[in-house]
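What follows is each chain in one-letter form.
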Amino acid sequence: MNVGWDPHGRIAVVTGASSGIGAATARRLAALGMQVVAVARRGERLAELAEERPGIEAYVADVTDTAAVDELAAHVDARYGACHALINNAGAGGPGFAARGDLEATLAVIDLNLGGMLRCTAAFAELLTASAPSRVVNIASVAGKVGVGPAGYAASKFGMVGASEALATSWAPRGVSVCQLNPGFIATEGFPQAELRRSPLGRLVGRPEDVARAVHDVLLHGQPERTVPRWYRAVVVARHLAPPAFRAAIARVDPPA
Ligand SMILES: NC(=O)c1ccc[n+]([C@@H]2O[C@H](COP(=O)([O-])OP(=O)(O)OC[C@H]3O[C@@H](n4cnc5c(N)ncnc54)[C@H](OP(=O)(O)O)[C@@H]3O)[C@@H](O)[C@H]2O)c1
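Here we summarise the structure given alongside this text. Keep in mind that what you see is a predicted model, and the values were worked out from it rather than measured.

## A few points about the overall build of the protein chain
Then step 1. When its secondary structure is counted, the protein chain shows nine helices and seven strands.
Then step 2. Against the globule reference of 18 Å for 257 residues, the protein chain gives a C-alpha radius of gyration of 18 Å, in line with a compact fold.
Then step 3. Referenced to the eigenvectors of the C-alpha coordinate spread, the extents of the protein chain come out at roughly 50 × 35 × 30 Å.
Then step 4. Within the protein chain, the proportion of its 257 residues that are buried is 48%.
Then step 5. In the form shown here, the protein chain has an accessible surface area of approximately 12000 Å², with 58% of it arising from carbon and sulfur atoms.
Then step 6. Looking at the protein chain, you have 25 positive and 23 negative side-chain charges, and the mean spots of the two groups are 10 Å apart.

This is the structure:
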């Protein structure tokens, strides 16, 4: 199943395609000859993307709206009759979790990042199976492997990582590969990384195109897990091999709220 997956002429759905990683991914997949359905709430941004490059269809939907996501899947089925790649990328950062006032926004971020991925994956389950060999690529995060930053964001991304790992096994017999793709710091509208970019660690911040390239690679080879940039895997390994030292180091860069 992983040999000879040719993207040309295949159908991809990219959520969160109006900026950042999703827009870069939509451009890259369209350049490979895929037909891309670019999904987000800001229709004008999607329309600009679709104008810029043939092979991109703009589709406005909110991934927190189950009926809208089901309509998206029905639209893709009716118009293209297949979905070979679903890139679950729509998401946002969360607030800190320090007081009662943070609860609603925290639950909302879990509903967007994890709930959106589950809604889209469920809506496309039948079409992905009928289109096999097919791919689901979940844009989770290194924050889904090590608990740093806002608690709700980390919870949403740990959830995405867990769901991806479970589905990678249970959906393999259907011919659908499921990948957790975990970016480190990437400079985008939603995650400008401004402070980090100004610091001596600024060169560690990646670009949306780096993630788009990794999505391309995962579509070709169907890996279950990918970290971007790859060296961030060392952080994950350190978390598991030396937890006390890891926690001490994290407390210095991410002090308690
Ligand atoms: N940048 C990083 O450092 C980094 C690191 C690890 C993981 N990630 C993950 O990468 C993904 C993309 O983020 P990004 O960095 O590219 O940020 P971004 O530029 O802010 O992109 C977020 C995208 O999600 C869409 N979106 C937000 N809420 C939505 C909703 N309810 N329904 C549909 N689309 C929605 C936004 O479009 P609309 O506002 O138009 O709907 C936008 O296209 C996120 O899941 C993020 O957690 C980012």
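## Quick look at the site of the ligand
Then step 1. Neighbouring the ligand are 31 residues, the closest being Arg41, Asp62, Tyr153, Thr188 and Gln193.
Then step 2. For the ligand, an oxygen atom lies 2.8 Å from a polar atom in the side chain of Ser19.
Then step 3. With respect to the ligand, the backbone of Gly184 contributes an N or O atom lying 3.4 Å from an oxygen atom.
Then step 4. Burial of the ligand by the surrounding chains reaches 94%, relative to a free accessible area of 880 Å².
Then step 5. At the level of elements, helix H1 (20-31) and helix H5 (151-170) are the ones that each hand at least two residues to the shell around the ligand.

## Points about the pairing of strand S3 (residues 56-60)
Then step 1. Relative to S3, strand S2 (residues 35-40) is paired through five bridges, and the arrangement is parallel. The partner of Val39 across the bridge, within S3, is Tyr59.

## Here's the deal with the pattern of salt bridges
Then step 1. Under the counting rule described, the total for this entry stands at 11 salt bridges.
Then step 2. Between Arg119 and Asp111 there is a salt bridge whose closest N-O contact spans 2.7 Å.
Then step 3. Assessed through its relative accessible area of 17%, Arg119 is described here as buried.
Then step 4. Residue class for Asp111 comes out partly exposed when judged on its relative accessible area of 32%.
Then step 5. Among the ionic pairs, Lys145 bridges to Glu225, the shortest N-O distance being 3.0 Å. Of this pair, Lys145 sits in the loop between strand S5 (134-139) and H5 while Glu225 sits in strand S7 (residues 225-228), and the two are 80 residues apart along the sequence.

## Here we look at the sheet that holds strand S1 (residues 11-15)
Then step 1. Ordered in space as S3-S2-S1-S4-S5-S6-S7, the seven strands form an open sheet in which the pairing is parallel. The sheet is open, and its two edges are formed by S3 and S7, each paired on a single side. For this sheet, the mean inter-axis angle between neighbouring strands, taken without regard to orientation, is 15°.
Then step 2. Bridge analysis of S5 against strand S6 (residues 176-183) gives six bridges, and the strand direction is parallel. What sits directly across from Ile139, in S6, is Leu181.
Then step 3. Against the sheet, H1 contacts S1, S2, S3, strand S4 (85-88) and S6, and its axis sits at roughly 165° relative to S1.
Then step 4. Lying over the sheet, H5 contacts S4, S5 and S6, oriented at roughly 155° with respect to S6.

## With respect to the nonpolar core
Side chains that are nonpolar tend, in soluble globular proteins, to be buried together.
Then step 1. Residues Val13, Leu72, Val76, Cys83, Phe124, Leu128 and Trp171 are the most contacted members of the largest nonpolar core, which totals 32 residues.
Then step 2. Put simply, the parts of the chain that give this core at least two residues each are S1, S2, helix H3 (66-80), helix H4 (103-130), H5 and S6.
Then step 3. Per-element accounting of this core gives the leading share, eight residues, to H4.
Then step 4. Those residues in contact with Phe124 that sit more than four places away from it in its chain are Val13, Leu72, Ala73, Val76, Cys83 and Leu86.

## Comments concerning the side chain of Ser131
Then step 1. Note on placement: Ser131 falls in the loop between H4 and S5.
Then step 2. Taking relative accessible area as the criterion, Ser131 reaches 7% and is therefore assigned buried.
Then step 3. Polar side-chain contacts of Ser131 include one of 3.0 Å to the backbone nitrogen of Cys83.
Then step 4. Apart from residues no more than four positions distant in its own chain, Ser131 is found in contact with Ala82, Cys83 and His84.

Conventions adopted
- Residues numbered from 1 in each chain as written.
- Predicted model: local features only at pLDDT ≥ 70, side-chain atom pairs only at ≥ 80, totals over all residues.
- Heavy atoms only, no water.
- Helix = DSSP H or I, 4+ residues; strand = E, 2+ residues; numbered from the N terminus.
- Rg over C-alpha atoms; globule rule 2.2 N^0.38 Å.
- Buried < 20%, exposed > 50% of the residue type's maximum accessible area, 1.4 Å probe, protein only.
- Areas by Shrake-Rupley, 256 points an atom, 1.4 Å probe, with all protein chains shown as cover.
- Lys, Arg positive; Asp, Glu negative; His and termini not counted.
- Charge placed at Lys NZ, Arg CZ, Asp CG, Glu CD.
- Near = heavy atom within 4 Å.
- Polar contact = N/O pair within 3.5 Å; in protein donor to acceptor, adjacent residues only side chain to side chain.
- Pairing = 2+ DSSP bridges.
- Salt bridge = Lys/Arg side-chain N within 4 Å of Asp/Glu carboxyl O.
- Axes fitted to C-alpha atoms, helices over the stretch in contact; angles between N-to-C directions.
- Contact = heavy atoms within 4.5 Å.
- Core = buried A, V, L, I, M, F, W, Y, C linked by side-chain atoms within 4.5 Å.

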